Structures are given as structure tokens and as C-alpha cells.
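Understanding the architecture of this molecule
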Amino acid sequence: MNRGRGLILAAFGASMAASIGVTVVYALGGQPQIEGVLLGVALGGIAVGLVLFGHRVLPGGHFVQARDVVPPTTQRPEVAASFEEGAEPIERRRLIATAFAGSVALLGAAAVFPIRSLGTRPGRQLDHTSWRRGLRAVTNAGRPLRVDGLDPDSVVTVFPEGHEGSADSQTLLIRLPGGITPPGPRDWTVNGVVAFSKICTHAGCPVGLYQTDTQELFCPCHQSTFSVPEGARPTFGPATRPLPQLPIGLDDDGFIIALSDYTEPVGPGFWNRP
Amino acid sequence: MISRLARWIDDRIGGSAFAESALSKVFPDHWSFMLGEIALYSFVVLVVTGVFLTFFFDPSVAETTYQGGYDPLRGETMSEAYRSVVELSFDVRAGLVMRQAHHWAAFTMIGSLVLHLLRVFFTGAFRRPREINWLVGVTLLILALANGFTGYSLPDDLLSGMGLRIMYSLVLSVPVIGTWVAFLLFGGEFPDQEIIPRLFVIHIMIVPAAIAVLIAVHLALIWHQKHTDYAGRDRRESNVVGPKLWPTYASFSLALFFAVFAVVVTMGGLVQVNPVWLYGPFRPSEVGPPSQPDWFVGWLEGALRIFPPWEIRAFGYEIPNPFYPGVLVPTVIFGGLYLWPFLEARFTGDRGPHHLLDRARDHPVRTAFGVTALSFVVLLQVAASNDLLAHGFDASVATITWIFRIVVPVVPPLLGWFTYRLMTALRASGAERFAEMPLRAVMRPAGDAEALASVGAEPAAVAGPTTDGAELTVYAAADGRWRWRYRDPADDIELDSNTSYVTEQLAAADARKAYPETPLVRNR
């Protein structure tokens, strides 16, 4: 008993000391690791003290209590009788009951409509991006690009000029090394430079990694892999569709521009994707 | 002082009868019954630490420039949400401890909920009359997962932003209504300005309120129906054996609360979790290095990673690829969990009430099914690390992914089948413990008496309450009230009734109710 008491008091004592310690550390400017440890001791000391108290001081032993194997249902007939007694006058006035049910149902239906305010109408929003004919492809910082400004066998993330950072318009410009025929229609590429949507057709992550030895784009989320020379056809992973290709050309100053918007929706699939 | 307060309350609202029965209420004690309690106390810690965090978090995606104390990010453009989290971590005293303790408590809550669910499943605690509490419990797990995900997404960092993007794609993939639901949930096309403020409201108000209400229902039902217990010589369907609420059980439970809090806060101080300042602010066209989501969505992530490039497209409509692993798989898993008690009752024909728990072997089909489902989820969880495994084993990600594409559908049924064999053999062998079972018993057809005899095992005796030598007595206590006692000299068990009775008859009636087959000796 005495040894038990000593340990219990020591545990609560440690807790109190740690609580004072936390206050001091906090006042001196705070330090996350020390705060965590001291708070742990402050709380843990109480836990240890209570466990020891329960084991060594409190009366141990088990008790037994009877329980209903099935809940008593003796009142059930009375409940049914009370309910039916109250329901009887309602049942006799069918029309009123129906009218009540109807008003509640219609009110419920009307209350659903404000939910519509939560979002814009999808319409065909997912089919289009901000790319338009003649818009320059610029970096996130707004810098337009020429073909000779792209390193061979490299990728640059571009956006339509004026829409820098736009999520659905993010596009990869890839300058393929010599000897590789650019995929897609001939007039969609410029001097070995091709443009593909950067949004994975699987779950929408940016397809951020380019493997120069195989000219493959790789999605770090679920490892879908797209072969650029084959028109960004998926070669591995869960993606089922190629990355859409953006038709590009040059403007009079030699900067890369879009020839149109993407001709199909970018990104993951959905029910009524054309 | 306390008695005066109690009297004051009792004079006004009554309740002393309830308080008396509450204080002497018996709670079975077993370590596995603490798992749900750990989840409950983790929720309390989450509320306490979470309230602190709300005072500093700014749920806005308005752009700002970081000027705080963390050098690598100074001068960067970011959302107010991300800025406030970085500031909370570096510039608010005790902010980091609170934030990380909050995160660790979320892990503790979800982890202990999962273990609690497994305990309830494998012991058959969901059977009548506890089906309602099973439904409440499964819903609590879903809500906890939902709040884990929304909370993880709030800081608007690069990693969680990518998680949100994937979640958007999953919603989008739902047939017919997906586009509309995604636009209504997120406010429009991803990423919309609305989503962070909405997640905030969901995370700090809607889901926690639902969790609090359902916890209250869960506890009220446990209280009302009394806890289940493992079988034992002194345990019956008609009784509960254990310490009384006051003071023993209360002091241990309170100790558990402080212990959970202590562990979580210590982790919060010492072990870094979700260091959003390393990930950088969310920008839709940027990705970090290959990285893992929080572990509790790992199984979903794994399913997305290993699902083959299949989808259905017909008549101008499509059900895209992410729908199957990302929506269908969790729907089937949670749908199966919801339906399990009713399916089991239908297929076994066992619709009777149960208060004593099964051992895994008592119900080989259930155990096998549970092992199948559990190993399926665990394997998906491991599959979420396919890139790390590829790195670790110096293999290509494609190889590892293909291994999982084969292992995930094949291994769980095999494990289930093996479990079934093991459980039936264990049941038939009569071995008290797993280690005592002759190994060869597993290899023989289950329940085959000849085969069992050949390995020297005996079929299990029909289990039933043993009454040999046990007796009930009713006696007058010192205060003049009546109590009863169960005595089993063979096992050295002596149990007193948890409460006292006004008359001898009432005490005797309750004794007979608790131990219907044990002889009652009226007076000692």
C-alpha cells in the first residue's frame, strides 16, 4: 500500500512539474519539441497516477449484473393501442392528411432548389479551355516562346497569353529531338515542336515528368505513362486516352501560338464527354 | 459539498434513481474493449486542438505574399489559407504542437476506429440486438474518413491540392450525375475559389456535429443494451461481469483519456507530420515529387494506381476509369459492411439475441470473409506505395504494378480459403489455443472425425454453461438491504451483485435472471 501510494504521488508530482515546465517554456518563447514532451508528461503523469490508483488503492474485483437477453416488450400492446387511438381521427380525414403530406413534400422539393446555387451550370464548360486561335503560348511568368528558345528534347509548361496559371489550359510544349517524326496532323506542329494538354486523362493530375530517353510523359500520381512520338498514347498505368494535342503554329514575330482550342475535352472522363 | 450539489439537482430534476444505477453499472473489461474508447477520446482531443486551430486558420484562397518567419517561402505568392497554416506552424507559440497533435489525433481516431470495427466484426458483436449500433459505427468511420480528408485538404498545399484534384475527378466520374455533383460540391470547374471555405465549414461544423450526435447515440445504445462480453465460466447471455462504473471503471477510463492525449501531444511535439511548408503552395500545373497521401486514403489511392486501363463507353456516354477503383470499390466495401449483420442473419438463419462474443473459430465463414476483405484492403494500401516499392526493390514501377494487379484479386480469396480451413480445423480439434492445435489438423478435411482422430485430436465438447458446484446466495447486507452472490468454488470465482435490493425477493429474482440454471440457496 505504501509503495503504491508513493508511486501514485510521484506520477501526479511529475505531471505537476511538467505543467509548470510547459508554462515556463511557453513564456520563454516556446519550443515545439520541449512543449510536446512536457505536455506529454503532464498528461501522461495523470494517466499513470490514475491507473496505479485504480489498481493499488481502489477496491478491485468484479461484480455481476443481470441483463435482459431481449428487451422487455410488455408495453408494446399499449403503445400500439395509444398510437391507433390517436391515428383514428386522422385516418377518417383522409383529405386533410393527404393535403398535409403534399404540402410537406412540396416544401421539401422547393427547399432543394437553393442547392442549385452552390455551383455554376456545367453546360459544356468541361469541353473548352482558354485557348483560342492566335493566342501566344506563354510561360507562367507571361514570357512568349520561339522554337529556338526551346532546348531540344525538353518540355515547357505554357498557358494561353492572358490566362497564365489557368488550370484547364496548362499545356506542355515539347521539342522532339531530330529524327523523330512529330505525331498528329502535320500542320499542328512547328519545326519538331508539339503541344499536349498537361492534365492527365485519368484523374487530372499534371503530367509533370518527361523521360528524355523514351520521350515519355509520366504522371506522378498514378503512374500513367504517355508516349509523345505516338501522339501521347497511354503506354502504361490506368489512363485510357491519349493526352489531347493542341494545334500550334507561329505568328508573324516567330512566337508559338495556338491555331485553335483543343478539339476534344482535356482531362479526366465524365458521363457525357463527347 | 458534492452531496449538497447532488441533493440540489435531485430536488429540481430528480434522477437519483438513474444516478444510483449508473454508478453501480457493470462494465466488462478486456483490452479489446478499449479500442472504441480510444477513438472517442481521440475525438475529444481533436475538438480541443481543433478549436485552437480555427482561431488562426484563414479559409480563403485570396492571394497574398508570405512575409513570415520561414525563410524559404518568404516573398512567395500563396493563398491566405496556406499562409495562415505556415504562420501557425512557425510564428504562433505552441501552434505547431497543436497542429501536429491535431493531425496525430486524427490518425489515432481513424486507426482505433478501424481496429474497433475489426474487433466487433470478428467477435460477432454486431449480431442482434446490436445491428443498429453497427450501422451507427460504420457511419462514424465514414464520417471520420471524410473529416480526415477535408482536414488534410484545408492547408491548400501542393500535395493536398493534388488530392482534391483527384477527388474532383472521382466525383466527375460518377455516371449521369457526376458532372453536376462535382460542380455543386466544388462550385464549378476545378479549382474553384469556393472549395477551401466550403471544406472548412464541412470540416469544423457539419461533420464534427454529425460525429458528436452519432457518438452520443452509439454510447446511449451501449449503455442501454449493456456491453457484450467474452464467454467464461461465470459469464452468461443474461449477465454482465466486470468492475463497477464508480469508482474503478471511471478511474481507468479517465486514465485512458489522459494517456491518449499524452501520446498524441508527445507525437505532436516530436514527430513531424504533414510538413506543408516543404510541399509549397498549391498551383494547379505543378506537381511535387512522387508522394503519398495520408495513410487512411492509401487503399483508395492504391486501387486507382493498379486498376488496369479499362473503361466503358457506349451510346455516346462513358463510365470513365477512375469510377471503378475510386467509387465502386469503396461503395462495395462500405455497402458490404452496412449489410453484413443482415446478410449473416439471413444465411445462417441465426436471428436470436447474442450478448456473449464469438471466437474467430466459432464462425469460420465470417472469419474467412473478414480476412478476405481485410487482406484486400491491406494489399490495396500497400499498392499505394508501388513507386516506393519499385525504388526499394530496384524494379520498374510497371513490374510492381503488374505484381499487384495479379496479387490483389488472387491472394485475398486464397487467404480466405486458408482461414476457413484453419478455423474449421481449430474448432474441430478442440484445442483451447491456436498454438496447441496439431498442425496436421489443418491439412485434413475439416470436421472429418477420422482425420481428426489420426492427428490425436478430439472433437470439441458442446460448449455450455457449467454449473457444477456453483451456487447463488441471497444475503442481508450491513445496511439492511439485500444482495446476492454467485460462487463457483471449482474456479475460485466469487461475484457480488452490483447493486442492493429493498427485499429478499427482488434480490433472488435478479440472481435467477442472471444465472437461470444455477441453484439458489436462500440464506447463508
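What you see as residue numbers is a count from 1 along each chain, following the sequence as written. Chains carry letters and ligands carry numbers; both start at the beginning, A for chains and 1 for ligands, and go up in the order they are written. Per-residue local features are limited, in this predicted model, to residues with pLDDT of at least 70; the limit for side-chain atom pairs, both in listing and counting, is 80 or more; totals at the level of whole chains, interfaces and linings are taken over all residues. Side-chain numbers here rest on the full set of heavy atoms in the structure, without hydrogens or water.

**What to know about the domain arrangement of chain B**
Much of the literature gives interface size as the accessible area that the parts lose upon coming together. All names here are of chain B. What counts here: Domain boundaries shown here were taken from an automatic or database domain assignment. Every residue pair with non-hydrogen atoms within 4.5 Å of one another is taken to be in contact. Buried area is a sum: the accessible area each of two parts loses on coming together, probed at 1.4 Å, counted once for each and added. Polar contacts here mean pairs of N or O atoms no more than 3.5 Å apart (in protein, one a potential hydrogen donor and the other a potential acceptor; neighbouring residues in sequence count only if both atoms are side-chain atoms). Under this grouping Gly is polar, as are all residues other than the nonpolar Ala, Val, Leu, Ile, Met, Phe, Trp, Tyr, Cys and Pro and the charged Asp, Glu, Lys and Arg.
Here chain B is partitioned into domain 1 (35–326), domain 2 (358–453) and domain 3 (471–522). Relative placement of domain 1 and domain 3: their C-alpha centres are 48 Å apart. Residue-level contacts link seven residues of domain 1 with 13 residues of domain 3. Carbon and sulfur atoms make up 47% of the surface buried where domain 1 meets domain 3, a total of about 770 Å² over both sides. It is Arg233, Asp234 and Arg236 in domain 1 that bury the most area against domain 3; as a group they hold 59% of the surface buried on that side. Counting the contacts that link domain 1 with domain 3 gives eight residue pairs in polar contact (both at pLDDT 80 or more). Its residues placed into classes, the side of domain 1 that touches domain 3 shows one nonpolar, two polar and four charged.

**A word on the sheet that holds strand S7 (residues 216–218) of chain A**
All names here are of chain A. How we decide: One requirement defines pairing of two strands: DSSP has to find at least two bridges between them. To qualify as a helix, a DSSP run of H or I must reach at least 4 residues; to qualify as a strand, a run of E must reach at least 2; elements of each kind are numbered from the N terminus. As a rule, the C-alpha atoms of each element are fitted with a line to give its axis, helices using only the stretch in contact, and angles between N-to-C directions run from 0 to 180 degrees.
Strand order in the open sheet formed by four strands is S6-S7-S8-S9, and the pairing between neighbours is antiparallel. At either end of the open sheet lies a strand with only one pairing partner, and these are strand S6 (209–211) and strand S9 (233–236). Within this sheet the neighbouring strands show an average axis-to-axis angle of 35°, counted without direction. In the sheet, strand S8 (residues 225–227) pairs with S9 via three bridges, with the strands oriented antiparallel. Its bridge partner lying in S9, threonine 225 is registered against phenylalanine 236.

**A few points about the interface of chain B and chain A**
Selection criterion: Throughout this description, the term salt bridge denotes a Lys or Arg side-chain nitrogen within 4 Å of a carboxyl oxygen of Asp or Glu.
The interface of chain B with chain A comprises 97 residues on the first partner and 71 residues on the second. Both faces combined, the contact of chain B with chain A buries some 7,100 Å², and carbon together with sulfur accounts for 64% of it. Summed over the shared surface of chain B and chain A, the number is two salt bridges. Measuring nitrogen to oxygen at the nearest pair gives 2.7 Å for the salt bridge that ties B:Lys513 to A:Asp68.

**Digging into the packing of aromatic side chains**
Residues and elements named next belong to chain B. Spelled out, the test is: Pairing of aromatic side chains here covers Phe, Tyr and the six-membered ring of Trp, requires ring centres within 6.5 Å, and sorts the geometry by plane angle: under 30 degrees stacked, over 60 edge-to-face, intermediate tilted. Only when the NZ of Lys or the CZ of Arg is both within 6 Å of the ring centre and within 35 degrees of the ring normal is a charge said to sit over the ring.
In total, this model carries 33 aromatic pairs over all chains according to the counting rule given. One aromatic cluster is present, built from ring pairs that chain together Phe121, Phe122, Phe126, Trp134, Trp340 and Phe369. It is arginine 405 that lies over the ring of tryptophan 402; its NZ or CZ is 4.9 Å from the centre.

**Some words on the domain arrangement of chain A**
According to the domain assignment, chain A contains domain 1 (2–56) and domain 2 (129–258). Centre-to-centre, using C-alpha coordinates, domain 1 of chain A lies 59 Å away from domain 2 of chain A.

**Comments concerning the pattern of salt bridges**
All names here are of chain B. Following the criterion strictly, the structure yields 27 salt bridges over all chains and no others. Glutamate 494 serves as the salt-bridge partner of arginine 487, at 3.7 Å between the closest nitrogen and oxygen. Each member of the salt-bridge network shares a partner with another, and the members are Arg127, Glu344, Asp358 and Arg366.

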